[in-house]
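Residue-level listing of the chains:
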Amino acid sequence: MPIHKPLVLIALLAALLPTCFAFADAASQENDVAALGAEVTALSGQALDDDAIHRLTAIDQTLATEQVVNVAVDQQRVLTALAKSQNAGALEHVRSVFENAPERRGSAARALAAATTIRPTDLQDWRYMVRSLPVVQGDEAVDVLSALQRFRTRANKGQWVRQVILIGLQLPVNQQSAATGLLRHWTGVPLKKSEASEWTLEKYQQWFSQEYPDQPEAVLPVDLTGRKWTMVTLEPALQTFRTSDTMVQQGELVYQKAGCQKCHRRGKVGEALGPDLTSLGWRRQRREILHATLYPSHELNEEYPTVTIVLKSGKSLTGMMSASSADALAIVSSTGIREELSRTDVETIVNQKISNMPDGLLEPLSEDEIMSLIALLASTDGVPLPHSDAGP
Ligand code: HEC
């Protein structure tokens, strides 16, 4: 099949696009973006040759690095065209967007989802899509959930099954079948297809708490009454979020003020009672960081279990176990109080399904302070890229 090289088009657009974004005023920047959009349309409508792939990758980088607005649609089209191109370099670009740009992870996963019609057995695509489950929303989520049903491989570990239920609960009712369809595919429940329509998300929630008793319930977090800061009240600030060096610097002060350093290390600051947050900005997107801070017990990290120690005297203490000597135990409460106990005084130790991280930590802060804290935690300046997340 002959491949049409859109050389004339590229030459023409290249002549039209030399303006440097940094110096362009708002109006011409809009024009440039519109021109790039038109170019994306022209390029992504055909079989891609090496030149086109090269150009699309360059456009993607331009759109991603310039803080331009309203480019999400074009960016999605670029990633989808690259993912579907069957070209190794193009695919590599999409996967590196997933790894290195957490804010675009949902978009990269959606592009891979579109490519499953062409590559329905690529397990690497499958893994990226499963890893995107904590971040995909709306149509992105529907595409990913539907694409995962095309694979024979199942992710039936509790955390992933729970995630699919949680995504489903956030979808409009008429799209929830994308979630229930995947749940049936992964868990094999219900066995009979004729019963599938009875299995609503509610039913899966009940089933989940019995099937996976060690996992937190598959329910969306509920805001305590009277809370000033919630996902809803902070949504507008999150939508218009722009980071800056000043915000990151202010974030350092907020980190201390809010007491995060009592449990978290970041760089050389803070204690190691909770996870190290140094490379958090590579691992998670701003929305996830805010969510984890607002609702600590919503996702529990099994490396930092909260326990209740009941003593033979009847007294009980709740907190995190900490290193101590051979015949003693130490427990640190959520307010940082450490107590040493003799092992012989201990009656039982019970695991708790709540985080030792207190909620409401953001309540004393202003909206600006919260956004500075997020800017700090999401910042990857000078932080080396860690090994990728433990995936499915
Ligand atoms: C009393 C100890 C404690 C304090 C104080 C604390 N955290 Fe945590 N945090 C934890 C623990 C423990 C976890 C692991 C989740 C769990 O409980 O299983 C965690 C998890 C997190 C996570 C998810 C980390 C990841 O790896 O994805 C974020 C983000 C976070 N904390 C942010 C904060 C911020 C911001 C503050 C300050 C406002 C703070 N924490 C204060 C103990 C604490």
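Going by the structure above, here's the rest.
Calculation notes
- Residues numbered from 1 in each chain as written.
- Predicted model: local features only at pLDDT ≥ 70, side-chain atom pairs only at ≥ 80, totals over all residues.
- Heavy atoms only, no water.
- Donors = N, O, S within 2.8 Å, 3.2 Å for Na, K, Ca; no water.
- Tetrahedral: all angles 85-135°; square planar, octahedral: opposite > 155°, others 65-115°.
- Helix = DSSP H or I, 4+ residues; strand = E, 2+ residues; numbered from the N terminus.
- Buried < 20%, exposed > 50% of the residue type's maximum accessible area, 1.4 Å probe, protein only.
- Pairing = 2+ DSSP bridges.
- Axes fitted to C-alpha atoms, helices over the stretch in contact; angles between N-to-C directions.

### A look at the coordination of the iron atom of the ligand
Within the protein, the atoms that donate to the iron atom of the ligand are His264 (NE2) and Met357 (SD), at distances of 2.0 to 2.1 Å. Angles of 87 to 178° at the metal separate the 6 donor atoms of the iron atom of the ligand, which places the site in the octahedral class. Highlighted residues: His264 in the loop between helix 13 (245-257) and helix 14 (280-283) and Met357 in the loop between strand 5 (346-352) and helix 16 (367-378), separated in sequence by 93 residues. His264 gets classed as buried once you look at its relative accessible area, which sits at 12%.

### A closer look at the sheet that holds strand 3 (residues 328-332)
One open sheet holds the 5 strands; their spatial order is 4-3-2-1-5, and the pairing between them is antiparallel. Only two strands of the sheet have a single neighbouring strand rather than two, namely strand 4 (338-342) and strand 5. The mean angle between the axes of side-by-side strands here comes to 45°, regardless of whether they run parallel or antiparallel.

### Focus: the pairing of strand 1 (residues 306-311)
Among the 6 residues in strand 1, 5 count as buried, and that is most of the element. As paired elements, strand 1 and strand 5 share 6 bridges and run antiparallel to each other. Residue pairing for strand 5: Val307 is matched across the bridge by Asn351. Sheet topology note: the strand 1/strand 2 (residues 316-322) ladder contains 4 bridges and is antiparallel.

Spatial relationships are all this shows, so hold off on functional conclusions.
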